[in-house]
Every structure is written in structure tokens, then in C-alpha cells.
Amino acid sequence: VIFGHTHRAGPLPGDDHAEWTVAESGTRLINDGAWVDEPIFSVGGPENPYWAGRGVMVEDDAAPRLERLVTVLGHPPRTD
């Protein structure tokens, strides 16, 4: 299942894939995260799982995969 809007993209490297799988059915979840840049979520830069601008690549011969499409946003990263 591919979905978005919940802000936190995943699964990302280091995530527990069990947390992104429906236990009863084994259905895998993949979330592209947010597309609206909210500066509070930009702390730490593009490695932050809440950083806006990811998408999901769907190909015939591979599992869907999360891709970073935007790494530069219109404001400097917050440091607080």
C-alpha cells in the first residue's frame, strides 16, 4: 500500500520493516511523506524523515521504493 500525507516518510534505512508491515496480512506499507514544506519539520536537513519532497518509484519488475526528489527547500535548515 502506497500512501502519503502523514508527514513521516518510510520505511527508510534503519527503520524496523515490521513496523511498516500489516501483521495480519503481510501487506507492506510505504509512505512518501509530506509535500508541503513546514520549517519545523526541516530540522536536521534532508536526512530527517519528516523532510518534504519524497516520492515512490513504481516499476514493473521491482518493489516500490522511496526516492528523495527534493533536497533543497526555500529556507535555511533550522538548527534549534
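This report concerns the structure included in the present document. (Residues numbered from 1 in each chain as written. Predicted model: local features only at pLDDT ≥ 70, side-chain atom pairs only at ≥ 80, totals over all residues. Heavy atoms only, no water.)

### Some remarks on the overall build of the protein
Of regular secondary structure, the protein possesses 0 helices and 4 strands. Each helix and strand of the protein, ordered N terminal to C terminal, gives the series β-β-β-β. With the C-alpha coordinates of the protein rotated into their principal frame, the extents come out at 40 × 25 × 20 Å. Across the 80 residues of the protein, 28% fall into the buried class. Carbon and sulfur atoms make up 58% of the accessible area of the protein, which amounts to about 5,300 Å² in all. With 6 positive and 13 negative side-chain charges, the protein shows a spacing of 4 Å between the two charge centroids. (Helix = DSSP H or I, 4+ residues; strand = E, 2+ residues; numbered from the N terminus. Buried < 20%, exposed > 50% of the residue type's maximum accessible area, 1.4 Å probe, protein only. Areas by Shrake-Rupley, 256 points an atom, 1.4 Å probe, with all protein chains shown as cover. Lys, Arg positive; Asp, Glu negative; His and termini not counted. Charge placed at Lys NZ, Arg CZ, Asp CG, Glu CD.)

### Focus on the pairing of strand β3 (residues 54-59)
The pairing of β3 with strand β4 (residues 62-68) spans 5 bridges and is classified as antiparallel. Among the inter-strand pairings, M57 is bridged to a residue of β4, identified as R65. Joining the antiparallel neighbours β3 and β4 is a turn of 2 residues. (Pairing = 2+ DSSP bridges.)

### Some remarks on the environment of T71
Note on placement: T71 falls in the segment after β4. Between the C-alpha atoms of T71 and E47, which are 24 residues apart in sequence, the distance is 9.1 Å. With residues near it in sequence (within four places) discarded, T71 still touches P46 and W51. (Contact = heavy atoms within 4.5 Å.)

### Points about the environment of V58
Turning to its location among the elements, V58 is positioned in strand β3. Its relative accessible area of 55% is what places V58 among the exposed residues. In sequence terms V58 and I2 are 56 residues apart; their C-alpha atoms lie 9.8 Å from each other. Among all residues touching V58, those that are not within four sequence positions of it are I2 and P64.

### A short note on the pattern of salt bridges
One pass over the full model with this rule turns up 4 salt bridges. Connected via shared salt-bridge partners are E59, R65 and E67. (Salt bridge = Lys/Arg side-chain N within 4 Å of Asp/Glu carboxyl O.)

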